[in-house]
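Overview (structure and organization)
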Amino acid sequence: QVQVEESGGGLVLPGGSLRISCVVSGSIFRVNDMGWYRQAPENQRELVAKVSRGGSITYADSVKGRFTITRHNAENTVSLQMDMLKPEDTNNYLCYAVVVSNTGSLGATTYWGKGILVTVSS
């Protein structure tokens, strides 16, 4: 069994900062890619940032220069530092991790957190 749990989120003013974090736990052999998507009501889910186990990072164009993703392989955690937040960043943010489990012979499986709300508003 693999669990993905997010923390952080909340209400911030435009131009402010917020840090959200995610921890992956359970029967894990290896975590490959992990990162964050976001999805507002009636919108499609979009990739915000991701990082491979080797450290290759991808950011959405809309957050480049403002967001920083950090991964700690030994702890199976990933964090997203969000600076210079804009109202359009308001979303439900979902952590994901691509995991190879110890419990079977299956290949990698993508696991998702429940999501946390980030609201940017005056």
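Note: the structure precedes this text.
Residues numbered from 1 in each chain as written. Predicted model: local features only at pLDDT ≥ 70, side-chain atom pairs only at ≥ 80, totals over all residues. Heavy atoms only, no water.

1. Section: the environment of T103
Inspection of the secondary structure assignment puts T103 in the loop between β9 (91-101) and β10 (109-112). When the C-alpha positions of T103 and L18 are compared, they lie 36 Å apart, and in sequence the two are 85 residues distant. (Helix = DSSP H or I, 4+ residues; strand = E, 2+ residues; numbered from the N terminus.)

2. Points about the nonpolar core
With 29 residues, the main nonpolar core has W36, L80, M82 and Y93 as its most contacted residues. Secondary structure elements with two or more residues in this core: β1 (2-7), β3 (18-26), β4 (28-39), β5 (46-51), β7 (67-72), β8 (77-82), β9 and β11 (116-120). Excluding residues that lie within four positions of it along the chain, Y93 makes contacts with E6, I20, W36, Y37, R38, V48, F67, M82, G115, I116 and V118. (Core = buried A, V, L, I, M, F, W, Y, C linked by side-chain atoms within 4.5 Å. Buried < 20%, exposed > 50% of the residue type's maximum accessible area, 1.4 Å probe, protein only. Contact = heavy atoms within 4.5 Å.)

3. Observations regarding the packing of aromatic side chains
Counting across every chain of the model gives 3 aromatic pairs. Centre to centre, the rings of Y37 and Y96 are 5.4 Å apart; their planes meet at 70°, and the pair counts as edge-to-face. In this pair, Y37 is assigned in strand β4 and Y96 in strand β9, connecting sequence segments 59 residues apart. Among the residues examined, Y96 registers a relative accessible area of 7% and is labelled buried. Arranged with centres 5.4 Å apart and planes meeting at 65°, the rings of Y37 and W112 form a pair that is edge-to-face. Here Y37, found in strand β4, pairs with W112, found in strand β10; they are 75 residues apart in sequence, far enough to count as distant. Overall, the relative accessible area of 35% leaves W112 in the partly exposed class. Members of the aromatic cluster, joined through ring pairs, are Y37, Y96 and W112. Directly above the aromatic system of W112 lies the positively charged group of R45, at a separation of 4.5 Å from the ring centroid. (Phe/Tyr/Trp six-rings, centres within 6.5 Å; stacked < 30°, edge-to-face > 60°. Lys NZ or Arg CZ within 6 Å of the ring centre and 35° of its normal.)

4. Looking at the environment of S17
Within the secondary structure, S17 sits in the loop between β2 (10-12) and β3. Spatially, the C-alpha atom of S17 lies 26 Å from that of A74, the residues being 57 residues apart in sequence. Not counting residues up to four positions away in its chain, the partners in contact with S17 are V12, Q81, M82, D83, M84 and L85. Polar contacts involving the side chain of S17 include one to the side chain of D83, which spans 2.7 Å. (Polar contact = N/O pair within 3.5 Å; in protein donor to acceptor, adjacent residues only side chain to side chain.)

5. Here we look at the pattern of salt bridges
This model, assessed by the stated rule, comprises 4 salt bridges. Residues D89 and R38 are paired through a salt bridge, measuring 3.1 Å at the closest nitrogen-oxygen approach. Of this pair, D89 sits in the loop between β8 and β9 while R38 is found in strand β4, placing the two residues 51 residues apart along the sequence. In this structure D89 comes out as buried when scored by relative accessible area, which is 1%. Here R38 falls in the buried class, since its relative accessible area comes to 4%. Residue D61 is joined to K64 by a salt bridge in which the shortest nitrogen-to-oxygen separation is 3.0 Å. On the basis of relative accessible area, D61 is assigned to the exposed category, the value being 66%. (Salt bridge = Lys/Arg side-chain N within 4 Å of Asp/Glu carboxyl O.)

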